[in-house]
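A closer look at the structure
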Amino acid sequence: MAQIIDQVRHVCTLGGLQSVLAIDRAIPILHAGPGCGQKLWGAVGLQNGGQGSGYAGGHTVPCTNATERDVVFGATDKLHEVVENTFKVIDADFFAVLTGCTSDIVGDDVGDVVRRFQKQGKPIVWAETGGFKGSNFIGHELVLEAIIDQYLKPGAETVRGLVNVWAVVPYQDPFWTGVYAELGELLTATGLTPNIIFGPRGGVAALDRVPTAQFNLLVSPWVGLKAVQRLEEKFDTPFLHSPVLPIGPTETGKFLRALAGFADLDAKRVEAYIAEREDHYYHFIERAAEVLLETRFLPRHFTTITDSAYGLGLAKFLVSDLGLIPDRLYVTDGIPDHLQAGVAGYFKDLGEGIGAEVTFTPDGGQVQSELRATKFRSRPLILGSSWERPLAKDLNGFALSVSMPVSDRLVFDRSYVGYTGALRLVEDIYSAILSDFQ
């Protein structure tokens, strides 16, 4: 039965175009109706951490601007012309044709068009990303699948220590640039060499290195799992799946030790790094103990309304490192039904013998109705999106926007991952609380 979703937390499958843009000097070419790309960019980019259009995103993205005539007669010739002209006017290293709803329904043979350019040696792939297929999380996976199947070729030899890093969905997570950078820093500290495709210093050079990696690292509850499994099938590259976004000393330590065990790293080096970073983290926590503990400003319970990656990572940190109790946890990333039980299982153990039930829903209307009917023990701490700010005000709570849409913050390279990221998170939570008393 059709369902109306209020206050959207993600966009349609065609939103995978932002994953293409996250690869330096890569260009999406949309075979879709006029306005699709602009709306998707506005929602996932502009109104989400103030992320801009970058090198060739936003209004620069080439598009066939499919109309009623193209629905009736097809538009493969038009697509061929747009792709051909894109190569002439946009200086880029990689191109991906993504289809919208009308093209997928009509059945334009987009693959035939793209293969003609591939035979000319052009670095281009295609993915059928009609919006009716699901969310941009699915679109992200379809983009990765297209790159793996159509572009990547076996490398000459495996490079020991080289690790492909796959984690949050770029742009959907406004903190994605910082997340990938911090994960790269953690890997480097252990003696590994991170190969990061998305963000600065990635690009096609990083893509070309993917088949030569010693292993793939996936830091995500479910998004990207298909990709690392496909890479294992195609290139015989093993993968390490770490479902928890490591935030704070407890989970970051677990993450590094798991990494060390999987890659057979120097355990003394890893433990020394963990000790050094924990000393740094606890120096600031101890220094601010009066504010953090004695003022008792911080609510004892918390609520999250986020995608599963942040819901799990935040909950683990708030329980294990800050000693808070989960109240209501909402997961908003539209996880396919067959994967929900597995993701829910991750929330059963948040640390300290504490687990939580989660509610899977992308519907802000349902979230608001349930939270307004909840009797909170104290002023609630709500970690969600900008949609929750009016709600938190009505509930006399504290709000911090951490999940799409984050329209009340400008985000460059900030992240909450690792030891430094956890300090930033504590800063942001307490800043939200302290500012309320001013």
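Placed above this text is the structure.
A short tour of the structure in this document, coming up. Small disclaimer: the values here were computed from a predicted structure and weren't measured. (Residues numbered from 1 in each chain as written. Predicted model: local features only at pLDDT ≥ 70, side-chain atom pairs only at ≥ 80, totals over all residues. Heavy atoms only, no water.)

Moving on, we come to the sheet that holds strand β6 (residues 213-219). As a general point, the strands of a sheet are linked pairwise by backbone hydrogen bonds and lie either parallel or antiparallel. Spatially, β5-β4-β6-β7 is the arrangement adopted by the four strands of the open sheet, whose pairing is parallel. The open sheet terminates on both sides in strands that have one partner only, identified here as β5 (193-195) and β7 (239-242). Geometrically, the sheet is characterised by an average inter-axis angle of 30° between neighbouring strands, direction not taken into account. Direction of pairing for β6 relative to β7: parallel, over a ladder of four bridges. Looking at β7, one finds that V219 is bridged to S242. Each of β4 (159-166), β5 and β6 is contacted by helix α8 (residues 176-190), which is oriented at about 155° to β4, the strand it contacts most. Sitting on the sheet, helix α11 (residues 248-263) is in contact with β4, β6 and β7, with an inclination near 155° to β6. (Pairing = 2+ DSSP bridges. Helix = DSSP H or I, 4+ residues; strand = E, 2+ residues; numbered from the N terminus. Axes fitted to C-alpha atoms, helices over the stretch in contact; angles between N-to-C directions. Contact = heavy atoms within 4.5 Å.)

A separate point is the pairing of strand β1 (residues 26-31). In terms of residue burial, β1 counts as a mostly covered element, since six of its six residues are buried. Residues A26, P28 and L30 line one face of β1 and the alternating positions I27, I29 and H31 line the opposite face, and both faces are buried. Note that β1 and strand β2 (residues 94-99) share six bridges and pair parallel. Within β2, the residue paired with I27 across the bridge is F95. (Buried < 20%, exposed > 50% of the residue type's maximum accessible area, 1.4 Å probe, protein only.)

Time to look at the nonpolar core. Judged by nonpolar contacts, the single largest core of 113 residues is most densely connected at W166, L183, F198, L217, F255 and I429. By residue number, the principal contributor to this core is helix α18 (residues 418-436), which donates eight residues. Sequence-distant contacts of L217, that is, excluding residues within four places in its chain, are made with V163, N164, V165, W166, L187, L240, F255 and L259. (Core = buried A, V, L, I, M, F, W, Y, C linked by side-chain atoms within 4.5 Å.)

Attention now goes to the pattern of salt bridges. A full pass over the atoms with the stated rule returns 20 salt bridges. Notably, a salt bridge pairs D70 with K78, separated by 2.9 Å at the nearest N-O pair. For D70, a relative accessible area of 10% corresponds to the buried category. Taking the shortest distance from any N to any O, the salt bridge between K133 and E128 comes out at 3.9 Å. Residue classification places K133 among the partly exposed residues on the basis of a relative accessible area of 37%. (Salt bridge = Lys/Arg side-chain N within 4 Å of Asp/Glu carboxyl O.)

We now examine empty space enclosed by the protein. On inspection of all chains with the given rule, the structure shows four cavities of 30 Å³ or more. The space that makes up the largest cavity amounts to roughly 100 Å³. Around the largest cavity, the lining is made up of 15 residues, and of these F137, V168, V169, D307 and A309 lie nearest the centre. Residues belonging to the lining of the largest cavity are distributed by class as follows: nine nonpolar, three polar and three charged. (1 Å grid on protein atoms, 1.4 Å probe; cavity = no way out; pocket = protein on both sides within 12 Å on 5 of 7 lines; lining within 4 Å. Points joined across faces, edges and corners; volume = space filled by probe spheres on them. Nonpolar A, V, L, I, M, F, W, Y, C, P; charged D, E, K, R; others polar.)

Here we come to a nonpolar patch on the surface. Judged by side-chain polarity, V71, V72, F73 and V106 come together as a nonpolar surface patch covering roughly 390 Å² of accessible area. Per-element accounting of the nonpolar patch gives the leading share, three residues, to helix α3 (residues 68-73). Among the secondary structure elements, V106 is positioned in helix α5 (residues 101-106). On the accessibility criterion, V106 (35% relative accessible area) is partly exposed. (Patch = residues over 30% accessible without salt bridge, like charges linked within 9 Å, V, L, I, M, F, W, Y side chains within 5 Å. Areas by Shrake-Rupley, 256 points an atom, 1.4 Å probe, with all protein chains shown as cover.)

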